[in-house]
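Spelled out from the first residue to the last, the chains are:
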Amino acid sequence: MKTSNKIRWILPILLIIGLGACEPQVPTAPDMDAPPQSDNVTFEMTPNADNPNVIEFANTSESFKAIWDFGNGSTAEGDVVTSQYPLEGDYTVQLTIFTKSGQAVNSKVITIEETKIWMLDDPDLNLLTGGLDNVDGKTWVVDSTQAGHMGVGPVEGNWPEWWEAAPMAKPGTGLYTDEYTFTLRGLEFDMTTNGYVFLNGAYGDEIEGTMEAPGGDLMAPWSAPDDLNFNFTKQEDGTMFLTVSDPAFIGFFAGTRRYEIQEISENRLALRFEDPNGLAWYHTLIPKGYEHPVEEPEPLPYTSEELFDNFDDEGNIDWVTDQIADFNPNYDNPLPRGINTSAKVAKYEKGSGGAHFYDNLYIDPGFEIDLNQRSTIRLKAYLPSYNDYETVAVEKEAWSDGILKQQVAVKLHDKTGMGDNSWQTQAEIIQSLETNTWVELEFDFSGFSDRQDFDRIIIQIGGEAHGNPGIFFIDDFQLVE
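Counting of residues starts from 1 at the beginning of each chain's written sequence and follows it residue by residue. Given that the model is predicted, a residue must reach a pLDDT of at least 70 before its local features are reported, and side-chain atom pairs must reach 80 or more before they are shown or counted; all residues, however, enter totals for whole chains, interfaces and linings. The basis for the side-chain values is all heavy atoms of the structure; hydrogens and waters are excluded.

A. Region of interest: the overall build of the protein chain. Of regular secondary structure, the protein chain possesses two helices and 34 strands. Computed over the C-alpha atoms, the radius of gyration of the protein chain is 32 Å, more than 25% above the 23 Å expected from 2.2 N^0.38 for a compact globule of 481 residues. For the protein chain, the spread of C-alpha atoms along the principal axes amounts to about 100 × 55 × 45 Å. Each of the 481 residues in the protein chain was classed as buried or not, and the buried ones make up 47%. Numbering of helices and strands runs from the N terminus; a helix is a DSSP stretch of H or I covering at least four residues, while a strand is a stretch of E covering at least two. To get the radius of gyration, use the C-alpha atoms; to get the globule rule, take the number of residues to the power 0.38 and multiply by 2.2 Å. Think of it in three bands: with a 1.4 Å probe and only protein chains considered, a residue is buried below 20% of the maximum accessible area for its type, exposed above 50%, and partly exposed in between.

B. Spotlight on the sheet that holds strand β7 (residues 89–99). At least two DSSP bridges between two strands are needed for those strands to be called paired. With respect to topology, four strands assemble into an open sheet ordered β5-β4-β7-β8, the strand pairing being antiparallel. Looking along the sheet, the strands with just one partner apiece sit at the ends: β5 (75–77) and β8 (102–112). Adjacent strand axes in the sheet meet at a mean angle of 15° when their direction is disregarded. Pairing of β7 with β8 involves eleven bridges; the strand directions are antiparallel. Along β8, the bridge assignment pairs Y91 with I110. Here an axis means a line fitted to C-alpha atoms, over the contact stretch when the element is a helix, while the angle between two N-to-C directions is reported on a 0 to 180 degree scale.

C. Representation of the sheet that holds strand β16 (residues 218–221). The strand order across the open sheet formed by three strands is β14-β16-β15, and the pairing between neighbours is antiparallel. In the strand order of this sheet, the two ends are held by β14 (196–199) and β15 (211–212), each with one partner. The sheet contact formed by β15 and β16 spans two bridges and is antiparallel. Note that in β16 the partner of M211 across the bridge is M219.

D. How the structure looks around a negative patch on the surface. Only residues whose relative accessible area exceeds 30% and that form no salt bridge enter a patch; like-charged residues are grouped when within 9 Å of one another, and nonpolar side chains (Val, Leu, Ile, Met, Phe, Trp, Tyr) when within 5 Å. To be clear on the numbers: accessible area is Shrake-Rupley with a 1.4 Å probe, and residue cover counts the displayed protein chains and nothing else. In the sections that follow, a salt bridge refers to a side-chain nitrogen of Lys or Arg positioned within 4 Å of a carboxyl oxygen of Asp or Glu. In this charge count, Lys and Arg are treated as positive and Asp and Glu as negative; neither His nor the chain ends contribute. Charge positions come from single atoms, namely NZ of Lys, CZ of Arg, CG of Asp or CD of Glu. Judged by side-chain charge, E88, D90, E113 and E114 come together as a negatively charged surface patch. Counting through the fold element by element, E113 comes out in the loop between β8 and α1 (123–129).

E. Representation of the pattern of salt bridges within the structure. Applying the stated rule across the entire model yields 20 salt bridges. Between D453 and R451 there is a salt bridge; the shortest N-O distance is 2.9 Å. By sharing partners, the salt bridges in this structure join D122, D124 and K234 into a single network.

F. Geometry of the layout of surface pockets. In this analysis, the protein atoms alone were mapped onto a 1 Å grid. Cavities are point sets where a 1.4 Å probe fits without being able to get out; pockets are open sets with protein on both sides within 12 Å along at least five of seven lines; lining residues have an atom within 4 Å of a point. Grid points are joined across faces, edges and corners, and a volume is the space filled by probe spheres set on the points. In this structure, the largest pocket occupies an estimated 350 Å³ of space. Around the largest pocket, the lining comprises 17 residues; the ones closest to its centre are D322, N360, H413, W423 and I458. Of all the elements in the fold, those that place two or more residues in the lining of the largest pocket are β27 (360–363), β30 (407–413) and β33 (456–461). When residues in the lining of the largest pocket are grouped by element, the largest group, three residues, is from β33. When its residues are assigned to classes, the lining of the largest pocket shows four nonpolar, seven polar and six charged. Under the scheme applied, nonpolar residues are Ala, Val, Leu, Ile, Met, Phe, Trp, Tyr, Cys and Pro; charged residues are Asp, Glu, Lys and Arg; polar residues are all the others, including Gly.

As structure tokens, this is what we get:
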């Protein structure tokens, strides 16, 4: 059961800062050489004649700077400022003044007698909540299937330049099962955790029962209390902020409950939030139940072009790596003799551990390969004997023998049609070779010439499904007739 923890959070839709609108009455100036006290902080509050839910505040203190907290989630700076209070209730307004001797704070409580729902009619707020007619509110979830649904960067920046999450990068943490509902009437907020929440490792003391989450940081079994509220503010420059009441939060908890809305539309909510440790975090959310439209890939032409790269001269191939620890296409030939005396070759290095089970090097030529025109792939390979081809890897797939292989495999995949499952329909040719010498290899795919869907060429050295490291070299790659 959720416990009751009613908190009233109110929305100022429009923050108007007016300077010089009136001349405040200044009391007898205090001794400016002494630090100001609370009694030195004075201000007046004047309801608007046409709408008493709009209040003008005037600083009547002797100071060079005045900062306001209106008690409704919004702030302002200036001697004469204005704020709006759409919902009835009591609000504590706090003024902080600054003098040459220091600063001081004082506050007053203002009472709003009547709720005026029409003041909440803001297009961005309606996108967040579904509007006044949506009595059940609008529920959002983290956009788990899309890249960048979580990220981090420097607090000085405005995008996750240090890291962006891949699709489904945080399974089993609670991040993808939590739901967040915003209701316009009453500015109610509901956080349904469905079990677990995901926390930054620095905030393990915030919730009892934390445990290590898959992939790092923390998770904890937790249910949010009932009667939560939210606050939405929009500043004069259009910057929007969303705040949820303590102890709730949105997504990955990093010590804050205040979020900048970077983007909002019918089906997308992009948030930025700063933690006390000087990092900026990012989330994107979608409405619960929303499915991204599936974009059909543009059909590739069925044709064939010669592909080549000798790593000395400019080739016509863009090499792409997948899990490879290091790929250097401009490496000094480790054995410039025999069939390969070229100065430069490509170094292909497999890493150790589960992150390097496959270590693929691949080419996406931009067309579906017509194997009736060109079906032969040639390359030279050099496998040093200093690699360990005998020890069984500590980490390996269950079906693997866990041993680094003295082999080169070339595979053709239907990446456009099969996506991440393209291995299921692959064509593969494997050749074994001796170590400590350059060997010229030829892979003949003419037996697959009836296939018209191959659009990726993969080179894999040393076998797969084990976690043993290895260093290899290739040269003179060609796709020829």
